[in-house]
Amino acid sequence: MMKSYSNKLFILFFLLLSFSVSAQLTQGKRIEFERRTDIDEENLLIPMQENGVLLMQSKIEPFRRKFIIDFYKYDSTLTQIWRNSFVPEPELDLLKTFKNEHFFYVLFRKSDKIDIGVLRIDLETGDKTYVEGNLLTNMEIEHFVVLQSKAFIGGKFNDRPVVVMFSFFDKTSKVLPEVHSNNLVINELDVDEKGNFLYLMLKNDRNCQFILKKYSYEGKAISALALGDKQLTPISGEILNLDKDTEDQHPILMGNYAEGCSLFALGFYLKHLNDDSNIQYINFADLNHFFSFMNPKREEKIKLRIKQKKQKGKDIKLRYRLLLHDIIQTNDGWVMVAEVFYPEYKTTPSSTGWNNWRNYRIGNDVYNNFRYSHAIICGFDKNAKLIWDNSVSLKDIESSELNAKVQITLQDDYQILAYPDESLIRTVVIKGNEKVKNLENFDLKTNSETEKIVDTERTNLAAWYGHSFLAYGYQSVRKNNEILNNDVFYITKLTYNFKEENKN
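Remember, predicted model here, so these are calculated numbers, not experimental data.

Conventions and cut-offs
Residues numbered from 1 in each chain as written. Predicted model: local features only at pLDDT ≥ 70, side-chain atom pairs only at ≥ 80, totals over all residues. Heavy atoms only, no water. Helix = DSSP H or I, 4+ residues; strand = E, 2+ residues; numbered from the N terminus. Expected span 1.5 Å × (residues − 1). Pairing = 2+ DSSP bridges. Axes fitted to C-alpha atoms, helices over the stretch in contact; angles between N-to-C directions. Phe/Tyr/Trp six-rings, centres within 6.5 Å; stacked < 30°, edge-to-face > 60°. Buried < 20%, exposed > 50% of the residue type's maximum accessible area, 1.4 Å probe, protein only.

K.L.:
Teacher, can you tell me more about helix H2 (residues 296-311) here?
P.N.:
The periodicity of an α-helix, 3.6 residues per turn, causes residues three or four positions apart to be oriented the same way. The end-to-end C-alpha distance of H2 is 22 Å, a good match for the 22 Å that 16 residues give at a rise of 1.5 Å each. Glycine 313 sits one or two residues past H2 and shows a positive phi near 80°.

Take a look at the structure:
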């Protein structure tokens with residue numbers, strides 16, 4: 001018996017030694033823009049997979065003496081393809097952007113007025129068109145999407161939700177019906193370009209219901225679905241059309257759910273639309289690897305405590321603020337990524353405009369700094385069945401922007417995760433519920449060995465194409481031992497080289 005046990009251990013040890021993972025993050029081309037400290041400058045980067053990347057750079061001089069927006073299109077090697085510029089009227093504020101497959105849209109509004117303008121950039125050629133119109137009402141704008149030749153603008157008026165449909169052709173506006181009601185708040189606007197539909201997601205703060213409304217391209221209400229109650233209530237939603245080539249494929253609504261009207265998520269939910277199936281709830285406490293980001297001793301201690309409570313018949317509720325990413329579709333289903341975050345302090349809201357990145361509203365509170373503890377990754381098959389789950393520590397990174405930190409690329413059965421931490425890029429490789437490559441750090445570099453990064457601000461990371469990422473942000477660089485530093489906005493390509501190696 002002892003001999004058989006020893007043989008099994010030897011075989012397992014041999015298998016572990018036979019295969020290893022070779023992985024390395026390498027930095028490629030780097031682009032720099034000199035940054036003026038006397039103007040208000042913002043840079044927005046929009047990755048477009050193999051089609052390259054779009055950069056929108058806005059610059060506003062003091063007292064609005066000059067306001068210009070430059071657009072740059074780069075290919076997959078970060079070689080510039082085209083550049084175009086737009087000079088808004090002095091009274092205009094840049095509010096929202098939206099991108100679909102062929103165009104990039106920018107929404108402007110005149111300060112404290114109902115006048116709006118929409119700029120459309122052709123992603124292939126860089127050609128631009130601009131149309132003006134009005135909102136019909138002095139609403140507070142929170143959402144902006146475009147479906148074909150119509151913009152849908154959502155927000156609040158007199159503390160009640162409103163959605164305005166603006167036509168680019170005849171420059172007319174129309175308020176969507178069955179929206180402007182008490183106790184309702186717009187959660188999200190989404191478009192179905194294949195079916196030519198608009199989805200409006202609302203939250204009823206009085207009875208704690210999540211409401212999904214469907215509208216036609218003409219702005220007519222088609223259907224309404226109310227989900228949840230004061231026990232379990234969806235608090236976010238995303239529409240998934242898993243098979244775009246199949247007419248009878250039911251879209252899936254997915255998001256976070258909470259207890260009653262709370263903003264703290266208890267888990268995830270899934271609901272097949274266009275059929276009578278029940279909503280499916282997945283509690284954080286039921287995930288097998290929700291605590292795998294912790295050290296093994298702490299993880300086992302928490303799991304044991306949860307197991308003991310379940311054996312006593314107690315209801316386990318783990319409550320977190322969760323930032324749900326856009327769903328990543330795969331050949332076998334989809335991968336969901338979410339991050340647990342904590343708002344740390346709040347400030348007085350700034351006026352509407354391009355600088356709203358500094359303040360984020362959560363419920364009725366406004367915050368401008370956040371701490372991220374860990375990320376949750378889940379894999380689903382095409383039937384919306386949970387196949388695996390995992391979690392990765394984010395080392396309590398801080399950010400002044402509430403946005404997706406963890407970026408993920410896929411290679412075969414592996415998931416390559418990366419996230420920025422000041423001047424570092426941290427990477428992890430998982431294979432479903434397994435950790436294949438533990439946390440590794442990579443230092444961002446300049447273009448020359450004679451240059452040194454002395455300060456880093458607002459580092460961001462975006463998954464690009466293949467196994468590549470885009471790192472971008474603001475840095476102070478000292479060149480050739482000069483006394484003064486150069487402030488720059490940079491973009492650099494990072495590629496993760498990953499393969500299994502047979503040691504035999």
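K.L.:
What's the story with the sheet that holds strand S15 (residues 197-204) in this structure? I'm lost.
P.N.:
Within a beta sheet, neighbouring strands are joined by backbone hydrogen bonds and run either parallel or antiparallel to one another. As summarised here, the arrangement of the four strands in space is S14-S15-S16-S17, forming an open sheet in which the pairing is antiparallel. Whereas interior strands pair on both sides, the edge strands pair on one side only; in this sheet they are strand S14 (184-192) and strand S17 (221-227). If you compare each strand with its neighbour and ignore which way they point, the axes differ by 20° on average. Relative to S15, S14 is paired through eight bridges, and the arrangement is antiparallel. Considered in S15, the bridge of aspartate 192 is made with phenylalanine 197.

K.L.:
Just to check I follow, could you spell out the packing of aromatic side chains for this structure?
P.N.:
Each aromatic ring pair is characterised by the separation of its centres together with the angle its planes make. All chains considered together, the criterion is met by 21 aromatic pairs. Seen in terms of ring centroids, phenylalanine 71 and phenylalanine 104 are 6.3 Å apart; in terms of plane orientation they differ by 65°. Their pairing is edge-to-face. Residue phenylalanine 71 is located in strand S4 (residues 67-74), and its partner phenylalanine 104 is located in strand S7 (residues 103-110); the two are separated by 33 residues in the primary sequence. For the pair formed by phenylalanine 71 and phenylalanine 104, the shared burial category is buried. Each ring, one from phenylalanine 86 and one from tyrosine 130, has its centre 5.1 Å from the other, and the planes form 45°; the classification is tilted. Within this pair, whereas phenylalanine 86 is found in strand S5 (residues 80-86), its partner tyrosine 130 is found in strand S9 (residues 128-134), the two being separated by 44 residues in sequence. According to the relative accessible area criterion, phenylalanine 86 is buried, its value standing at 10%. Here tyrosine 130 falls in the partly exposed class, since its relative accessible area comes to 28%.

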